[in-house]
Amino acid sequence: MLPILIQQLLNGLSIASVITLIAVGVTLIFGLTGIINFAHGEFLMIGSFVTWLAVQAGTGFVPALVIAILAVALMGLVLERGLFRFTLTRPTNGFIVSLGLIVVLQHVVILFFGPNQKSIPRPLSGVWDVGGVRIASVRVMVILVTIAVVAMTFVMITRSRYGRALRAAVEDRDTAALMGIPVRRYITGVFVLGSALAGLGGALLIALFPVTPFTGGTMVMKGFAVALMGGLGNLTGAVVAGLILGVVEGFSAGYGFSEWTDAYSFGLMILVLLVRPNGLFGGTSGPKMA
Amino acid sequence: MIMKSSSSPLASLLPALAVLVVLALVPALGPSNRILSLAISAGINIVALYGLAVLFGQTGILSMGHAALVGVGAYTAAILARDLGIGFWVALPLGSLLAAAVAAIVGVPSLRVSGHHFVIMTFAFGQLLSIVLTNGGAFTGAATGLDLQLPVTWFGRPAGDLVPYYFIVIAFVAISAVASWLIINSSYGRTLRAIRENEKLAASLGINVGRHKIGAFVVSGLFAGVSGVLLAYFFRHISPNQFSAFPSIYLALMVMIGGARLLLGPIAGGILVSFLPEMLNLDPVESRILYGICLIAVILLLPNGLIAGLFDGLRALGRRLFGSAPRTTVPADSTSETA
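Residues numbered from 1 in each chain as written. Chains lettered and ligands numbered in written order. Predicted model: local features only at pLDDT ≥ 70, side-chain atom pairs only at ≥ 80, totals over all residues.

### Overview of the overall build of chain B
Next up, step 1: Counting its secondary structure elements, chain B contains 14 helices and 4 strands.
Next up, step 2: Counting all 339 residues of chain B, 48% fall into the buried class.
Next up, step 3: For chain B, long-range pairs separated by at least 24 residues make up 77% of all intrachain contacts whose partners lie at least 6 apart in sequence. (Helix = DSSP H or I, 4+ residues; strand = E, 2+ residues; numbered from the N terminus. Buried ≥ 20, exposed ≤ 12 C-beta atoms within 10 Å, placed from the backbone. Contact = placed C-beta atoms within 7 Å.)

Shown next, in the form of structure tokens:
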């Protein structure tokens, strides 16, 4: 029983890694702009499809992953400049625009590639046997890459000059602008960073599982559940809540309740919000609107 | 924010009723069964849209799990018919009440968290419901859903065929329109609008903001439940994925495209979204891309919806043609963005 449990835990954590990548992007974008970007899951899905296309074209997994990150970051840049910047004063409109984007992006992908699932050969096929526990190396790779990237993001935001400016802009956009911080450029920057994380998440996801054009929808819901549980706008919260979700999903699959897996993220979120309406770690309520 | 209904409340009801009278004459033109089915499903959506319009247009909160409340109505109808042999007319109020009760259960915890979070909570509850329905075993028919065999009767005569059912649906659209007109023009409606415009100010005037928000959600649940019962008796087969996340997005899309604050908005949104792909001869995938683009365009260019935008555009045109001192420096479409 124990080896199976550890395996399931690892499975849960590897999926939770991808979800955490979404949650971090979502939480960063919300913190600065107040926009709830539901299309973030579709960004992830497009990251997966770009990876699939690149691998189909004969590149290795690593170049494909880099292409996916760049492609989705570029898409984020175009969408922020073309659409979301017009909704900065009315975040609800930004949210609705993102709903429209979900429909558009999803069905454009279906139009070109069909609704069927796509998969790539596992970039790492090794399975380690540690005392009876079979550990797929690809899952470990996903978890490690996520830890590295999230740690980098965290250091960037808490330690660097740019991070301090970003936090100042989250705290008070107008005052930050008066201090000479180019807030608009930071907003674009955060959108691009969040999109790049989604692209990375997409590449990692298709390394784990086959992906369909509908994958983005469930993933973004879980990402939001995690972000809300931790407190929207709170980076630490997103990471810890992602960890909790991974452990819970892993254990529940280990004990044979796998058909309810999708319900946990939402159930946990509702429970947490009932007790602590601002999330476990206290979120921001988004930028203050004049 | 300028309200258009400031002239006379009755004047805002008449166009909607006129449109409904015209729609009621449609079967006389001998439309094809396909058109009639599309019209019925559009009408069923419109009933739910009126509820959503009270919530979003008047109170300013958006539900992204509204299809789940429709689903509560639909499953109530199907389960009542299967287990108790209870028919259409009794299922209607029961389904409606149950959907309202579920809205209350969802609303109490969800509205504790403010603004943005509520939207996500409704979405999450919608997802949860479809998971529960899928895992509900024989009681909810699991992923394949339920069939409904009881006929719809009207004073002892069968009314389940397309034309009679079309009239029933039109009647419920009319009831919904009048009900939402009554809400809009009541003091309750004014309270809801006060909350929409400035929550803190409304609270300082002694309005119990939380309770009224939940109330508005419950009211929209009543509409959704009726729509669900109508839907179950029309399609005769319901399954969880009819009430999951995407149907909810489409409902929100319809209400946004039509405009949530006008009485004609839900009718316009429901009809446009149902018939546009048919008229343009698009396949489902293309039409959904078109919906998405329409939604984004409406939000960015006409934030009050298509109908209000049309009125604004006409008024701007009128000013340019007949008004005093046409200002050539102002671009023509800038007036439509007064939101």
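### Overview of the overall build of chain A
Next up, step 1: Counting its secondary structure elements, chain A contains 11 helices and 2 strands.
Next up, step 2: Of the regular secondary structure in chain A, the N- to C-terminal order runs α-α-α-α-β-β-α-α-α-α-α-α-α.
Next up, step 3: Against the 2.2 N^0.38 benchmark of 19 Å for 290 residues, chain A shows a C-alpha radius of gyration of 19 Å, consistent with a compact globule.
Next up, step 4: For the C-alpha atoms alone, the extent of chain A along its principal axes is close to 60 × 45 × 35 Å. (Rg over C-alpha atoms; globule rule 2.2 N^0.38 Å.)

### Comments concerning the packing of helix α1 (residues 2-33) of chain A against helix α2 (residues 40-56) of chain A
All names here are of chain A.
Next up, step 1: For the pair α1 and α2, the least separation of the axes is 10 Å and the interaxial angle reads 135°. Classified by the angle between their axes, α1 and α2 sit oblique to one another. The hand of the α1/α2 crossing is right-handed. Taken together, the residues of α2 that come into contact with α1 (itself represented by I22, G25 and V26) are H40, G41 and L44.
Next up, step 2: When its residues are assigned to classes, the contact of α1 with α2 shows 3 nonpolar, 3 polar and no charged. (Axes fitted to C-alpha atoms, helices over the stretch in contact; angles between N-to-C directions. Parallel < 35°, antiparallel > 145°, perpendicular 65-115°, else oblique. Left-handed = near helix turned anticlockwise from the far one by under 90°. Nonpolar A, V, L, I, M, F, W, Y, C, P; charged D, E, K, R; others polar.)

### What about the interface of chain A and chain B?
Next up, step 1: Taken residue by residue, the interface counts 35 residues in chain A and 30 residues in chain B.
Next up, step 2: Those elements giving two or more residues to the side of chain A that touches chain B turn out to be α4 (91-113), α9 (215-230) and α11 (261-275) of chain A.
Next up, step 3: In terms of residue count, α4 of chain A provides more of the side of chain A that touches chain B than any other element does, 14 residues in total.
Next up, step 4: Broken down by class, the residue content of the side of chain A that touches chain B amounts to 26 nonpolar, 7 polar and 2 charged.

### Concerning unusual backbone geometry
Excluding glycine, most residues fall at negative phi; most peptide bonds, likewise, are trans.
Next up, step 1: For R236 of chain B, which is not a glycine, the phi torsion comes out positive at approximately 65°.
Next up, step 2: The class of R236 of chain B is partly exposed, set by 13 C-beta atoms lying within 10 Å.

### Comments concerning α4 of chain A
Since there are 3.6 residues in each turn of an α-helix, residues three or four apart along the chain are aligned in direction.
Next up, step 1: Spanning 23 residues, α4 of chain A covers 32 Å between terminal C-alpha atoms, matching the ideal 33 Å at 1.5 Å per step.
Next up, step 2: In terms of burial, α4 of chain A is a largely internal element, 18 of the 23 residues being buried. (Expected span 1.5 Å × (residues − 1).)

### Some remarks on the packing of helix α2 (residues 33-58) of chain B against helix α11 (residues 245-258) of chain B
Residues and elements named next belong to chain B.
Next up, step 1: Direction vectors running N to C along α2 and α11 enclose 70°, while the axes themselves pass 10 Å from each other. With respect to α11, the element α2 is oriented roughly perpendicular. Across the interface between the two elements, N45, A48, L49, L52, A53 and F56 of α2 pack against L251, M254 and V255 of α11.
Next up, step 2: Among the residues making up the contact of α2 with α11, the classes are represented as 8 nonpolar, 1 polar and no charged.

### Describing the environment of L228 of chain A
Residues and elements named next belong to chain A.
Next up, step 1: Positionally, L228 belongs in helix α9.
Next up, step 2: L228 sits in the buried class, given 33 other C-beta atoms within 10 Å.
Next up, step 3: Residues L228 and T153, spaced 75 residues apart in sequence, show a C-alpha to C-alpha distance of 19 Å.

### Description of the pairing of strand β2 (residues 133-136) of chain A
Residue and element names in this part refer to chain A.
Next up, step 1: When strand β1 (residues 127-130) meets β2, the two strands line up antiparallel, connected through 4 bridges. Within β2, the residue paired with D129 across the bridge is R134.
Next up, step 2: Two successive antiparallel strands, β1 and β2, enclose a turn made up of 2 residues, where G131 displays a positive phi of approximately 55°. (Pairing = 2+ DSSP bridges.)

### Considerations on helix α5 (residues 137-159) of chain A
Next up, step 1: The end-to-end C-alpha distance of α5 of chain A, which contains 23 residues, comes to 32 Å, matching closely the 33 Å that a straight helix rising 1.5 Å per residue would cover.
Next up, step 2: When we look at burial in α5 of chain A, the residues that qualify are R139, M141, V142, T146, V149, V150, T153 and I157 of chain A.

### Here we look at the confidence of the model for chain B
Residue and element names in this part refer to chain B.
Next up, step 1: For chain B, per-residue confidence averages 78 on the pLDDT scale, and 88% of positions sit at 70 or higher.
Next up, step 2: Scored below 50 in pLDDT, residues 1-7 makes 3 contacts in the model with residues more than four places away or belonging to other chains.
Next up, step 3: In this model residues 325-339 is a low-confidence stretch, pLDDT under 50, and it forms 12 contacts with partners more than four residues away in sequence or in other chains.
Next up, step 4: Complex prediction metrics read pTM 0.80 and ipTM 0.81. (pLDDT = per-residue confidence, 0-100.)

### Looking at the nonpolar core
Next up, step 1: In this structure, V72 of chain A together with A124 and L295 of chain B are the most contacted members of the largest nonpolar core, which totals 200 residues.
Next up, step 2: Per-element accounting of this core gives the leading share, 15 residues, to helix α8 (residues 183-208) of chain A.
Next up, step 3: Leave out the neighbours within four places in its chain, and V72 of chain A touches F43, I46, G47, V50, S195, A196, A198, G199 and G202 of chain A. (Core = buried A, V, L, I, M, F, W, Y, C linked by C-beta atoms within 7 Å.)

### Some points on the environment of F246 of chain B
Residues and elements named next belong to chain B.
Next up, step 1: Relative to the elements of secondary structure, F246 occurs in helix α11.
Next up, step 2: Classification of F246 by C-beta neighbours within 10 Å gives partly exposed; the count is 18.
Next up, step 3: Sequence-wise, F246 and G65 are 181 residues apart; in three dimensions their C-alpha atoms are separated by 9.1 Å.

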